[in-house]
Amino acid sequence: MGGVRSDLFRNQPTLTGELVRLEPLTEAVLEDYLAALADPELSRLTGSHASFERDQIEQWLSTRKDQHDRADWAVLRGTDGAFLGEVVLNDYDPDNASVNYRIWLAGPHAYGHGYGTETTRLVLAYALDTLGLHRISLGVLDYNPRARRVYEKCGFRLEGRLREAVRWDGRWHDELVMSVLSSD
């Protein structure tokens, strides 16, 4: 696939569905973003042991627009613009027209309403159909079956597992590796 550019995400658009609007991630969502990052359940579902400082996150959010090798969106509820989470295409490999997919939703108010499914479908359509990427991969922890069901519903297939890749609450857990191809 020779025509995929290294600055593929330079003109990152807003993506709109029936339930959600995906806007390029900026410091406009700082307070909601910080609140979500402080949620222990988000840390558990993503397997992140990191802690974040306000200044660090504010700086990070302010630089997203300058990163043309990735796309970072705020997931907003379509009806009222409430912050629901983040979705990212990163680890872009232009030679192989592939990228990694990552999403997190900001707590129970965002679960079970179809926001994650619609967000995933919007981003996949943009990446595969509009940008012409060939492969999108992700990792999901074995104790997050809700996310795995969403990914499968959106076309991701299980490729394998990274055994005991994450230690959480004193136990080892596998990371499941999934992908979707433009030819699927």
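Scroll up a little and you will see the structure.
Residues numbered from 1 in each chain as written. Predicted model: local features only at pLDDT ≥ 70, side-chain atom pairs only at ≥ 80, totals over all residues. Heavy atoms only, no water.

1. Here's the deal with the overall build of the protein
A tally of helices and strands in the protein yields 5 helices and 8 strands. Order of helices (α) and strands (β) in the protein, N terminus to C terminus: β-β-α-α-α-β-β-β-α-β-α-β-β. Its C-alpha atoms give the protein a radius of gyration of 16 Å, near enough to 16 Å, the size a compact globule of 184 residues would have. The 184 residues of the protein split such that 47% are buried. Within the protein, counting contacts between residues at least 6 apart in sequence, those at least 24 apart form 63% of the total. In the form shown here, the protein has an accessible surface area of approximately 9,600 Å², with 46% of it arising from carbon and sulfur atoms. (Helix = DSSP H or I, 4+ residues; strand = E, 2+ residues; numbered from the N terminus. Rg over C-alpha atoms; globule rule 2.2 N^0.38 Å. Buried < 20%, exposed > 50% of the residue type's maximum accessible area, 1.4 Å probe, protein only. Contact = heavy atoms within 4.5 Å. Areas by Shrake-Rupley, 256 points an atom, 1.4 Å probe, with all protein chains shown as cover.)

2. Remarks on the environment of Phe156
Considering the arrangement of structural elements, one finds Phe156 in the loop between helix H5 (145–153) and strand S7 (157–168). For Phe156, a relative accessible area of 3% gives the class buried. The contact partners of Phe156, leaving out residues within four places of it in the chain, are Tyr101, Thr120, Leu124, Ile136, Ser137, Leu138, Tyr151, Met178, Ser179 and Val180.

3. Details of the pattern of salt bridges
Throughout the structure, instances matching the rule amount to 12 salt bridges. For Arg161, the salt bridge identified is with Asp174, shortest N-O distance 2.7 Å. Taken together, the residues span a long stretch of sequence, with Arg161 in strand S7 and Asp174 in strand S8 (residues 171–181) at a distance of 13 residues. Residue classification places Arg161 among the partly exposed positions, given a relative accessible area of 45%. Residues joined in a network through salt bridges with shared partners are Arg64, Arg70 and Asp72. (Salt bridge = Lys/Arg side-chain N within 4 Å of Asp/Glu carboxyl O.)

4. Remarks on the pairing of S8
The side chains of a regular strand alternate, first on one face of the sheet and then on the other. Bridge analysis of strand S6 (residues 135–141) against S8 gives 7 bridges, and the strand direction is antiparallel. Looking at the pairing, Arg135 lines up with Leu181 of S8. Of the pairings in the sheet, the one linking S7 to S8 comprises 8 bridges and is antiparallel in character. Looking at the pairing, Val166 lines up with His173 of S8. Two successive antiparallel strands, S7 and S8, enclose a turn made up of 2 residues, where Asp169 displays a positive phi of approximately 50°. (Pairing = 2+ DSSP bridges.)

5. Looking at the layout of surface pockets
Put simply, the largest pocket is a space of about 990 Å³. In terms of lining residues, the largest pocket is bounded by 41 residues, among which Thr46, Arg102, Ile103, Trp104 and Tyr151 are the most central. Counting only elements with at least two residues in the lining of the largest pocket, the list comes to helix H1 (30–37), helix H2 (40–46), helix H3 (54–62), strand S5 (98–105), helix H4 (115–130), S6 and H5. Looking at the lining of the largest pocket, its residues break down into 21 nonpolar, 13 polar and 7 charged. (1 Å grid on protein atoms, 1.4 Å probe; cavity = no way out; pocket = protein on both sides within 12 Å on 5 of 7 lines; lining within 4 Å. Points joined across faces, edges and corners; volume = space filled by probe spheres on them. Nonpolar A, V, L, I, M, F, W, Y, C, P; charged D, E, K, R; others polar.)

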